[in-house]
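Here are the chains, one letter per residue:
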Amino acid sequence: MWRDTLARRLETRRAESLWRNRAMYRPAGDAGLVGNSRRLHDFAGNDYLGLARDSRLAEAQAEGARRHGTGARASHLVCGHLLPHHALEERLAALTGRPRALLFSTGYMANLAVLQVLGSDGTQVFQDRLNHASLLDGAALAGARSRRFHHADLADLERLLARARADVPRLVVSDGVFSMDGDVADVAALATLAQRHAAALVIDDAHGIGVLGDHGDGSVGWRHDTRQVPVLVGTLGKALGSAGAFVAGDDLLIDALTQLARPYIYTTAQPPGVACATLRALDILAAEPERRRHLQALIDHWRSRGAALGLPLLPSPTPIQPVRLGDSARTLHWARRLHEQGFLVGAIRPPTVPRGQARLRITLSAAHDRDTLDDLLDRLAALAAEEAS
Ligand SMILES: *Cc1c(COP(=O)(O)O)cnc(C)c1O
């Protein structure tokens, strides 16, 4: 019985061009991969600053493992909270201009924790329609129903907040940088609106940390203080090239998460060497601003040349540069053709994005150079021309 049910569900996925293939890769050079014995330029990962293969991070991780152990041996509250974890929390609080930060093993778990704790007791949760899946799953864990407002539509959010019950807490939740679109939330306006309606505000800045802000402090960082954005989530496996995540905020928030969040309490702390690698990544973030400058120059170049070639770009000022194609089969076809030509790009289809909005998700990195970008742009233009003829 269960086998038939599973087989039917999988068959539907396949029939709708939604089957996901898990390929296997190994690194080749600074921004390259080998997959299926083909050499590929990586335009699909989230290694925005090119740190994931920096040998200094690898050395810090190895040294951290030698000194502190390969594994943390226990959860933070038992005896797994080690010196590098603590040092990293202090550095992340300083980076984001918050009193404190709490380390998690993944961003998925950090979001489950935040929503489980802040979304409980009948709290009304308001989420941008394009928020990351982990934020929606967290609300489900809290037993809260998420009301979803139209993407980046503050008037729609205001309408929902105005109609909300007055006698229960309210929580507004948004990505800082939207992971499949690359656009940046209007954090200042969200903060004003949340304050006016006595709602707490959560910003998940997974793709902003390390990339945006004057010092890589993200889309929130020092520009919006703890009063404006009381709950800030960041991840460490994207621009910072390592793994893990954090929640930053004041004492009350961090104490509440530490005491109450099941995804914090019931899991082993991340390996201490990983925290050492992230500490090294933060040193490099501060010492080598040229990485962020080079990335910004690549983004500007991609957008101006992509627009000149007539590609269907989305309004994204970040390294996430989608090319919206609409149809899932068409998106897969383009991604396959690019793969044959040595370029790996994401083929993003429902349910990750809404129906009819399938796209190539192309991500830029400081490890790329301009010539490779031009090469990819030309190939995209050629695919468009081929379709038109
Ligand atoms: C990647 C991502 C996460 C999850 O972070 P992991 O560390 O990969 O689990 C959470 N939120 C957003 C917006 C993300 O893009």
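Worth saying up front: this structure is predicted, and the values here are computed from it rather than measured. (Residues numbered from 1 in each chain as written. Predicted model: local features only at pLDDT ≥ 70, side-chain atom pairs only at ≥ 80, totals over all residues. Heavy atoms only, no water.)

**Q** Whenever I open this one, the pairing of strand β9 (residues 231-235) confuses me. Can you help?
**A** Moving residue by residue along a regular strand, the side chains alternate between the two faces of the sheet. With 5 of 5 residues buried, β9 lies mostly within the body of the structure. Here β9 shows two buried faces, one formed by Val231, Val233 and Thr235 and the other by Leu232 and Gly234. Across 3 bridges, strand β8 (residues 199-204) lies against β9 in parallel orientation. In the sheet register, Ile203 faces β9, and the bridge partner there is Leu232. (Buried < 20%, exposed > 50% of the residue type's maximum accessible area, 1.4 Å probe, protein only. Helix = DSSP H or I, 4+ residues; strand = E, 2+ residues; numbered from the N terminus. Pairing = 2+ DSSP bridges.)

**Q** Explanation requested: the site of the ligand in the structure shown.
**A** Taken together, 13 residues sit near the ligand, with Gly107, Tyr108, Asp204, His207 and Lys238 positioned nearest. Separating an oxygen atom of the ligand from a backbone N or O atom of Tyr108 is a distance of 2.9 Å. Residue His207 places a side-chain N or O atom 2.5 Å away from an oxygen atom belonging to the ligand. The element best represented in the shell around the ligand is helix α5 (residues 107-118), accounting for 3 residues. Here the shell around the ligand is built from residues that sort into 2 nonpolar, 8 polar and 3 charged. (Near = heavy atom within 4 Å. Polar contact = N/O pair within 3.5 Å; in protein donor to acceptor, adjacent residues only side chain to side chain. Nonpolar A, V, L, I, M, F, W, Y, C, P; charged D, E, K, R; others polar.)

**Q** Help me understand the sheet that holds strand β4 (residues 100-104) in this model?
**A** Two orientations exist for strands paired in a sheet by backbone hydrogen bonds: parallel and antiparallel. Read across the sheet, 7 strands follow the order β4-β10-β9-β8-β7-β5-β6 without closing on themselves; strand pairing throughout is mixed. With one partner strand each, in any of the chains shown, β4 and β6 (146-149) form the two edges of the open sheet. Strand-to-strand twist of the sheet, defined as the mean angle between neighbouring strand axes without regard to direction, takes the value 20 degrees. Examined bridge by bridge, strand β7 (residues 170-175) and β8 share 6 bridges and lie parallel to one another. Within β8, the position partnered with Leu171 by the bridge is Ala200. Against the sheet, α5 engages β4, β5 (124-128), β7, β8, β9 and β10 (245-249), with an angle of about 165 degrees to β9. (Axes fitted to C-alpha atoms, helices over the stretch in contact; angles between N-to-C directions. Contact = heavy atoms within 4.5 Å.)

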